[in-house]
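# Summary of the model geometry
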Amino acid sequence: MAALDQKSPNVLLQNLCCKITGKSEAEVAHQFQYAVRVIGSNYAPTIERDEFLVSEKIKKELLKQRREADAALFSELHRKLQTQGVLKHRWSILYLLLSLCEDSRKPSNRVPVCSYGALLAQALPRDVHSTPFYYARPQSLPLSYPERSATAHNSSIATSGIGSMGVFSINGPGPTPPSLLTGGSRLAWTLPISSSPSGAAAAPRPPTGPSSSPASKLPQRQRRDGDGSAEIGEDALVRDILYVFQGIDGKFIKMCSPENCYKIDSKVPLCKSLRDTSSRLAELGWLHNKIRKYTDSHSLDRAFGLVGQSFCAALHQELKEYYRLLSVLHAQLQVEEDQGVNMSVESSLTLRRLLVWTYDPKVRYILQHKIFKMKSLASAVHAYGKTGDPHMRALIQHILGLVSHPILNFLYRWIYDGELEDTYHEFFVASDPTVKTDRLWHDKYSLRKSMIPSFITMDQARKVLLIGKSINFLHQVCHDRTPPGKIMPASKSTDSPKDAAELFTDLEGAFQSKIDAAYFETSKYLLDVLNKNYQLLEHLQAMRRYLLLGQGDFIRHLMDLLKPELVRAATTLYQHNLTGILETAVRATNAQFDSPEILKRLDVRLLEVSPGDTGWDVFSLDYHVEGPIATVFTRECMSHYLRVFNFLWRAKRMEYILTDIWKGQMCNAKLLKSMPELSGVLHQCHVLASEMVHFIHQMQYYITFEVLECSWDELWNKVQQAQDLDHIIAAHDVFLDTIISRCLLDVNNRSLLNQLRAVFDQIIEFQNAQDTLYRSALEELQLRIQFEDKKRQREEMGEWGVTAEQEAEENRRVQEFKDTIPKMCSQLRLLTHFYQGIVQEFLRLLMTDESLQFLSFRLDFNEHYKARDPRLRPSLGATRGRRSSNI
């Protein structure tokens, strides 16, 4: 050692060992090698590299020991140390102090011989979340088997096993996992007890490799093959298998990279049974390597997420149990070698005994390997929980608790506080921060269906989404400052992993009750706020009364007041004039008794003007919505209301026009009795008007009762029974879609709507034609009356009533009027022909839609149009045929 550099790590480490133990260099050989392996191991503290957190833990430890003065002194010294800048790695120093403080409270490993289980119980760490140790050799030690053998023969340092070091942890005390009764500790109590010559239990220690040991000096049972070569003994295979269990190549069993498995060289002389048994045992080492590689690659990967880190923690615990088992097996093998136990002894380690003792770890490793190969960890773990094996079910419950614990924390924060802190996108509720407040309910929050665990149903996931969404809607849109704790009784925010496993196991019991309670309370409170503070139902009824023409007296009076304005060209209209007329109509009808909150939202809107449009074509009522109610009455919904209003307003105008036509006929019928030449054309007008009135009345009946009233009744019942805002929105959307469809305003009924608009145009044409007829007839009647009055006045004066010239002029004028009557008749006949052709085409299109066939029956109840149009007869026959076949 004197020849070496006194500042080299090896010399400094050996000096440290001598200083601590107070022994000479020769006496601390074992401790020195122990320290070398500790330094070369891959310990990884599980806490964050945060100097403040470590200092706080130290102060808490001092306060637990009632050393307040020491805690204050430590705080002051730490503050001064931070200002000095002498040490670059203060966190490491503080962590070392914390670890030494925790280790000083552990009992000594020098215990009397009782059992390997008792020895391991003292040596095992108590922090179940720490990364368990697995042997990693420092760079200065030999790696290959010949190097290790030479080192073992030439070095005075004895080979040490995995012992207590193999399962030692520097993370301090912690809770003991419930799975400690499985795996290694269970085996530790069942393995036979062998005592060393000194009477002390031999501490289990990890081998540094398949190097020489006392067992190499023992006589081994060897057999000769037919060619005389010595066959490998089972004891050598046992030691190789123990190395393979740790992922270390043995002397005979090595990893075959091309085949990705451990294999025994085919040239090694070995019987088939031992070769097969060794291959079966080597599978455990392969599984160990896979799981170890998985945990090493994901443990420090923050992007893996909390669920993945929890699963790695569960794998770490399983590895710790596995290392406990290996330490027991190594200790047993070491004792047998020290005492010279032969393989023939009944209690010795054999390959078959290893098969039995490693059966449980192998099954558990296989299960874990299957789980981490699947995409959704929580779903995979839960799926494997349906097993009849109680030990396997306990393992799955333990892993499920750890894996689902972050999900439960996400869930509680979301349903009780409305907070979504999902940094790694592991929760099945997603948020889009770019969405504005007015679209919060519809677009901001959504379900990641791919992230929903398989044990959570879609209905439960939908309720979870609605709960948090309702809380955020109350806070951000309704500006309701009621704390979530007053809306519903909050559960504890963080359950233990065991509670999480039990909760997700009882999905139809405890979990369902928690979700249902939060869902009903939150949704009920939100609906109460919308109905009481924002009058949602009153606004819904206002839409029915004003935009769907449900307030009959108001609509009729408004139409009377607007008629002088709307007959003008659309370009001459001014919105403020129409708004004044609207306010007049409100004050003159029962609409005045509505809430001011509703009336102030009612307004006039002028549509885009096209060439030749009149006021009737561009006028529309509007209803302004904002705030929380705009979530129900979205822009799309208001555009649907506008389309329906324009259709209903046009249909109401047709009814209004036909009413004026009927009044004109009734008023002028007696006046024109003195003109018998008009009887034919007037009769033709009456017949055509009757046809039009019947058509419009049947259409109005269909629209008002079969469409609007029935759909409104369904909507109102659904709104009264709605359990959440989504139910109201869905019912309202169905209501509008139904109206759009059954009023022939959708894409599928475009041809029907075109025919119906053509009917409306013919009614307007008929109004103009009749007005022209009555205007000319009344002018002629007025001229005839004036002629007779002049004639009577002259006769009273004793003069001739008329001269021959005047009488001839009068007769010529009357004849000219009579000559115009055939033209009027032909115009009416042409109008009637066009109208009836359009109605017949409309009826034919109605017959193709089974849901509208009853409307066609009412429009042509006496088969008047069917008799005129042969195309309607086959449809009727086919319909009757289908009806009789159904009977």
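As annotated in an unreviewed UniProt entry, the protein carries the name Tubulin, gamma complex associated protein 3 and comes from Cyprinus carpio. Looking at the Subcellular location (unreviewed entry) heading of the UniProt record, one finds this comment for the protein: "Cytoplasm, Cytoskeleton, Microtubule organizing center, Centrosome". UniProt's Sequence similarities (unreviewed entry) comment on the protein is quoted here verbatim: "Belongs to the TUBGCP family."

This part takes up the pairing of strand S1 (residues 253–256). Where S1 and strand S2 (residues 261–264) come together, four bridges link them in antiparallel fashion. Residue isoleucine 253 lies in a different strand from S2, and its bridge partner there is isoleucine 264. What sits between S1 and S2 in their antiparallel hairpin is a turn of four residues, with asparagine 260 showing a positive phi close to 55 degrees.

Our focus in this paragraph is the pattern of salt bridges. Enumeration over the complete set of coordinates arrives at 36 salt bridges. In this structure, glutamate 419 engages arginine 413 in a salt bridge whose closest nitrogen and oxygen atoms are separated by 2.2 Å. Residues joined in a network through salt bridges with shared partners are Glu677, Glu780, Arg784, Glu810 and Arg813.

A word on the nonpolar core. With 148 residues, the main nonpolar core has Ile415, Phe554, Leu558, Phe633, Tyr641, Trp649 and Phe695 as its most contacted residues. The greatest single-element share of this core, amounting to 16 residues, is contributed by helix H27 (residues 679–721). Among all residues touching phenylalanine 554, those that are not within four sequence positions of it are Tyr546, Leu582, Ala585, Val586, Thr589, Ala591, Leu602 and Leu621. With 47 residues, the next largest nonpolar core counts Cys271, Val307, Tyr323 and Met392 among its residues.

Attention shifts here to unusual backbone geometry. Non-glycine residue arginine 66 carries a positive phi angle of around 60 degrees. Note on placement: arginine 66 falls in the loop between helix H3 (51–64) and helix H4 (68–84). Arginine 66 gets classed as exposed once you look at its relative accessible area, which sits at 71%.

The description of an aromatic ring pair uses the distance of the two centres, along with the angle that the planes make with each other. Under the criterion given, the structure shown has 17 aromatic pairs. A centroid spacing of 5.2 Å and a plane angle of 40 degrees characterise the contact between tyrosine 701 and phenylalanine 705, whose relative ring orientation is tilted. Pair noted here: tyrosine 701 and phenylalanine 705 are both in helix H27, with a separation of four residues, about one helical turn. Among the aromatic residues, ring-to-ring pairing joins Trp616, Phe619, Phe645 and Trp649 into one connected group. The cationic tip of lysine 469 hangs over the ring face of tryptophan 441; the distance from NZ or CZ to the ring centre is 4.6 Å.

Turning next to the packing of helix H26 (residues 635–671) against helix H28 (residues 725–742). Here H26 crosses H28 at 30 degrees, and the two axes come no closer than 10 Å. Taken together, the axis directions place H26 and H28 in an arrangement best described as roughly parallel. H26 and H28 meet at a crossing whose hand is left-handed. In contact with Cys637, His640, Tyr641, Arg643 and Val644 of H26, H28 contributes His732, Asp733, Phe735, Leu736, Ile739 and Ile740. Taken together, the residues of the contact of H26 with H28 break down into seven nonpolar, two polar and two charged.

This brings us to the side chain of lysine 469. Examined against the element boundaries, lysine 469 turns out to sit in helix H17 (residues 458–476). For the buried residue lysine 469, which engages in no salt bridge, the nearest side chain bearing the opposite charge is aspartate 726, 4.0 Å off. Ignoring sequence-local partners within four residues, the contact set of lysine 469 consists of Trp414, Leu440, Trp441, Tyr445 and Asp726.

A low pLDDT score tells you not to read the predicted coordinates there in detail. The share of residues in the protein with pLDDT of 70 or more is 76%, and the mean pLDDT across the chain is 77. Confidence drops under pLDDT 50 across residues 107–228; counting only partners more than four residues distant or on other chains, this segment forms 264 contacts.

A few words on the packing of H3 against H4. It is at 8 Å that the axes of H3 and H4 come closest, and there the two elements cross at 160 degrees. One element, H3, and the other, H4, form an angle in the roughly antiparallel class. Judged by the twist between their axes, the crossing of H3 over H4 is right-handed. Residues Glu51, Ser55, Ile58, Lys59, Leu62 and Leu63 of H3 lie in contact with H4, whose contacting residues are Glu68, Asp70, Ala71, Phe74, Ser75, His78 and Gln82. Split by residue class, the contact of H3 with H4 holds five nonpolar, four polar and four charged.

The topology assignment puts asparagine 668 in helix H26. The class for asparagine 668 is buried, based on a relative accessible area of 11%. Within the local environment of asparagine 668, its side chain forms a polar contact with the backbone oxygen of glycine 664, the two atoms lying 2.9 Å apart. Excluding residues within four positions of it along the chain, asparagine 668 makes contact with Tyr774 and Leu778.

Scoring rules and cut-offs
Residues numbered from 1 in each chain as written. Predicted model: local features only at pLDDT ≥ 70, side-chain atom pairs only at ≥ 80, totals over all residues. Heavy atoms only, no water. UniProt positions renumbered as here; feature names shortened; annotations may be inferred. Pairing = 2+ DSSP bridges. Helix = DSSP H or I, 4+ residues; strand = E, 2+ residues; numbered from the N terminus. Salt bridge = Lys/Arg side-chain N within 4 Å of Asp/Glu carboxyl O. Core = buried A, V, L, I, M, F, W, Y, C linked by side-chain atoms within 4.5 Å. Buried < 20%, exposed > 50% of the residue type's maximum accessible area, 1.4 Å probe, protein only. Contact = heavy atoms within 4.5 Å. Phe/Tyr/Trp six-rings, centres within 6.5 Å; stacked < 30°, edge-to-face > 60°. Lys NZ or Arg CZ within 6 Å of the ring centre and 35° of its normal. Axes fitted to C-alpha atoms, helices over the stretch in contact; angles between N-to-C directions. Parallel < 35°, antiparallel > 145°, perpendicular 65-115°, else oblique. Left-handed = near helix turned anticlockwise from the far one by under 90°. Nonpolar A, V, L, I, M, F, W, Y, C, P; charged D, E, K, R; others polar. Lys, Arg positive; Asp, Glu negative; His and termini not counted. pLDDT = per-residue confidence, 0-100. Polar contact = N/O pair within 3.5 Å; in protein donor to acceptor, adjacent residues only side chain to side chain.

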